[in-house]
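Summary of the model geometry
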Amino acid sequence: MHSLPSHAMRPLCLNPSLCSSRFPFFSFSIPIFHKFKNNPTIYKKSQKGPPFFSIRCCGSGSVTAKPSWELRRNRAAVQEPDEKVVALRQLFTKPGIGIDAYIIPSQDAHQSEFIAECYMRRAYISGFTGSAGTAIVTKDKAALWTDGRYFLQAEKQLNSNWKLMRAGNFGVPQASEWLNDVLAPGGRVGIDPFLFSYDAAEELKEVISKKNLELVYLYDLNLVDEIWKESRPKPPNKPIRVHDLKYAGIDVVSKLSSLRAELVAAGSSAIVISMLDEVAWLLNLRGSDVPHSPVMYAYLIVEVNAAKLFVDDSKVTSEVMYHLKKAGVELRPYDSILSEIRRLAAEGAHLWLDTSSVNAAIVETYKAACDKYLMNRGSRGKTKNKQYFESDSLPVGPSGVYMQSPVSLAKALKNPSELEGMQNSHLRDAAALAQFWCWLEEEIHKNVKLTEVDLADKLLEFRSKQDGFLDTSFDTISGSGANGAIIHYTPEAESCSVVDPNKLFLLDSGAQYVDGTTDITRTVHFGEPTAREKECFTRVLKGHIALDEAVFPENTPGFVLDAFARSALWKIGLDYRHGTGHGVGAALNVHEGPQSISFRYGNMTPLQKGMIVSNEPGYYEDHAFGIRIENLLCVQEINTPNRYGGIEYLGFEKLTFFPIQTKLVDLSLLSIEEMEWLNSYHSQVWEKVSPLLEGYARQWLWKNTRPIAKQ
């Protein structure tokens with residue numbers, strides 16, 4: 001799946017600043033949590049996830065972005081009122097609200113990329129269903145910002161009441177700038193503080209204050225929910241399951257012990273974990289609350305001598321209860337998180353908060369409770385509670401420790417059991433893909449009419465027969481011809497295209513297995529590709545090979561490698577609008593941080609041994625075709641003949657093994673070394689995947705992994 005535009009796998013924001021062997025658990029000696037060298041006092045400027053408004057405008061002065069309404073052709077001349085937007089505006093003047101604008105982000109209270117249907121507020125109010133975007137409604141305007149992956153999709157889905165703001169294009173204002181332009185001084189901008197990270201809210205507050213606008217936190221109600229009412233889907237309540245230790249590799253007690261050591265070292269007495277995949281990883285639990293992501297809605301507070309999971313207990317089975325009890329984890333109601341934050345502050349807790357991910361409601365509640373504590377202490381002279389203060393190492397009274405969550409990096413560095421599960425699941429996934437492509441080519445040969453949805457459904461059918469299959473890891477991107485140019489295209493039965501054998505076809509798909517998460521993209525042509533298509537495909541392939549073979553010194557951040565994948569395209573003036581690589585979880589989210597490979601250079605997280613990233617350069621011609629080639633890679637140490645500076649050098653090990661269509665390759669553009677790479681890769685594909693196949697699928701794999709040579 002295409003890489004997210006922002007680092008650390010955070011959802012779309014709109015403001016700049018911007019080993020493979022089996023090892024028994026007891027022999028695994030690599031530290032679970034790794035020390036952060038960043039100074040807490042500078043962390044907020046150097047290491048946090050991007051603030052809410054973080055897409056920077058870019059481009060040459062000769063390009064002018066047109067607003068969406070100028071580009072729509074088949075639209076009625078008279079604008080029809082949008083009932084939802086009208087109803088939302090009517091709430092602006094209600095007692096206790098009193099706002100002039102309301103911001104509706106894509107996120108839930110945990111800053112998730114994929115969210116449960118009941119939290120898809122931005123999609124409900126705007127009609128735009130892409131996973132990244134922000135809507136703003138004022139008393140007389142409605143605008144939606146999204147990035148280059150979604151321009152064409154948003155163009156189709158927004159009605160005439162909405163103005164599409166193509167974030168990143170020259171001439172398109174940032175959302176905060178737009179608010180400063182359209183609102184009069186003294187205006188009030190409302191947000192639901194649960195849906196914004198603290199950093200995002202603070203950044204927004206700072207920018208709009210320059211025009212004397214006020215940011216208003218509406219704690220007690222979400223305005224979209226007020227108009228959604230009874231038609232709003234119910235919150236998910238499917239049972240949580242235990243993630244088996246043979247896949248997790250490390251037990252919960254060990255993970256919590258390592259985390260507590262980090263707390264003590266940082267001068268903290270408790271930490272709030274709010275990212276859903278971090279909660280799931282730390283507790284070796286998995287859920288199904290969020291489509292495609294095996295997580296459950298929950299907060300986790302870990303103290304030096306206790307741990308509390310805030311979750312709907314109707315999801316907790318007896319097995320999960322026993323699992324948590326063994327690890328010393330108590331249950332609390334999901335919606336009691338703020339009262340627990342107040343209690344911790346009242347007891348003088350030094351709370352570790354990752355303000356790039358923990359929502360503004362939690363952080364502001366803690367800060368207010370700290371102020372109250374200090375006021376009470378001052379009025380009384382001395383407090384009775386001595387649980388968290390009056391020690392030699394910690395200051396008196398509660399205070400926040402604002403640093404990146406240590407769970408983020410620990411989760412990204414896969415242990416041997418996690419890597420083994422990823423390797424095994426990728427081979428089973430490749431077998432399902434071979435069966436699918438064998439079937440598809442035969443159907444195309446028989447001139448069977450198949451839609452893009454038909455193909456996505458059939459692929460799901462093949463995958464579902466594999467051992468350990470649970471779900472897709474994202475909505476399958478199945479795009480024929482021009483639809484392949486829509487970077488995040490999701491076909492819908494009532495509007496999708498019939499697959500045209502005379503056009504390029506792009507298939508980006510993935511699966512969740514009990515032992516791993518997959519993500520793969522292949523682009524094919526069922527007929528005779530044009531010279532233009534072959535050249536573009538080959539240049540994408542050259543970039544893919546260049547990144548796959550990259551060797552780099554330790555402490556290298558991913559953005560340094562991004563140009564490897566683009567260089568062959570740049571040489572003829574081509575490029576693509578998404579990042580080149582995103583982190584991938586082990587039987588977890590298909591997008592994870594903190595690592596990434598992107599042209600956005602704000603993410604300074606170095607690539608480290610055990611991290612998994614995607615390698616997915618592409619090229620897209622709007623209204624014509626799209627090309628992307630994607631494999632997953634694991635960072636590993638490379639045995640170089642020299643060690644300049646006495647440091648390690650790193651490279652990549654492939655996890656994905658599936659043929660790349662050679663019919664689309666212009667051999668004249670490949671070097672001898674690149675051709676050897678392709679032949680070697682296909683040899684490995686045959687060796688690893690063919691034992692899992694039989695019959696026609698095995699024959700198909702044989703045919704598509706034969707060596708090629710220059711003519």
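Residues numbered from 1 in each chain as written. Predicted model: local features only at pLDDT ≥ 70, side-chain atom pairs only at ≥ 80, totals over all residues. Heavy atoms only, no water.

1. Observations concerning the sheet that holds strand 18 (residues 511-513)
Across the sheet, three strands lie side by side as 15-18-19; this open sheet has antiparallel pairing. The two strands at the open ends of the sheet, each matched to only one other strand, are strand 15 (469-472) and strand 19 (516-517). Packing of helix 17 (residues 452-464) onto the sheet brings it into contact with strand 15 and strand 18, and relative to strand 15 it is tilted by some 160°. (Pairing = 2+ DSSP bridges. Helix = DSSP H or I, 4+ residues; strand = E, 2+ residues; numbered from the N terminus. Contact = heavy atoms within 4.5 Å. Axes fitted to C-alpha atoms, helices over the stretch in contact; angles between N-to-C directions.)

2. Side note on the environment of L353
You can see L353 is positioned in strand 13 (residues 351-353). For the pair L353 and I273, spaced 80 residues apart in the sequence, the C-alpha separation amounts to 8.0 Å. Among residues more than four places away in sequence, those in contact with L353 are V272, V358, I362, V363, Y366, V401, Y402 and M403.

3. Some words on the packing of helix 20 (residues 672-689) against helix 21 (residues 695-703)
Taken N-terminus to C-terminus, the directions of helix 20 and helix 21 make an angle of 160°; their axes are 10 Å apart at the nearest point. Comparing the axis directions of helix 20 and helix 21 gives the class roughly antiparallel. When the axes of helix 20 and helix 21 are compared, the crossing they make is left-handed. Here V685, W686 and V689 of helix 20 lie close against helix 21, whose contacting residues are R698, L701 and W702. Of the residues belonging to the contact of helix 20 with helix 21, the class tally is five nonpolar, no polar and one charged. (Parallel < 35°, antiparallel > 145°, perpendicular 65-115°, else oblique. Left-handed = near helix turned anticlockwise from the far one by under 90°. Nonpolar A, V, L, I, M, F, W, Y, C, P; charged D, E, K, R; others polar.)

4. Notes on the packing of helix 16 (residues 416-445) against helix 21
Between helix 16 and helix 21, the shortest axis-to-axis distance is 9 Å and the interhelical angle comes to 90°. Comparing the axis directions of helix 16 and helix 21 gives the class roughly perpendicular. The segment helix 16 lies against helix 21, with A434, Q435, W437, C438 and E441 engaging Y696, A697, W700 and K703. Split into classes, the residues belonging to the contact of helix 16 with helix 21 amount to six nonpolar, one polar and two charged.

5. Points about the packing of aromatic side chains
For the structure shown, the criterion picks out 18 aromatic pairs. Each ring, one from Y124 and one from W228, has its centre 4.5 Å from the other, and the planes form 20°; the classification is stacked. Within this pair, whereas Y124 is found in helix 4 (residues 121-126), its partner W228 is found in helix 8 (residues 223-228), the two being separated by 104 residues in sequence. Judged by its relative accessible area of 17%, Y124 is buried. Taking the relative accessible area as the measure of exposure, W228 reaches 7% and is therefore buried. Ring centres of F436 and W439 lie 6.0 Å apart, and the angle between their planes is 35°; this geometry places the pair in the tilted category. Placement of the pair is F436 and W439 together in helix 16, with a separation of three residues, close to one helical turn. No difference in accessibility class separates F436 from W439, as the two residues are buried. Each residue in the set F436, W437, W439, F505 and F526 is aromatic and connected to the rest through ring pairs, giving one cluster. Over the aromatic face of Y513 sits the side chain of R428, whose NZ or CZ is 5.2 Å from the ring centroid. K688 extends its terminal NZ or CZ atom over the ring of F657, reaching a point 5.1 Å from the ring centre. (Phe/Tyr/Trp six-rings, centres within 6.5 Å; stacked < 30°, edge-to-face > 60°. Buried < 20%, exposed > 50% of the residue type's maximum accessible area, 1.4 Å probe, protein only. Lys NZ or Arg CZ within 6 Å of the ring centre and 35° of its normal.)

It is worth stressing that arrangement in space is one thing and function is another; only the former is reported here.
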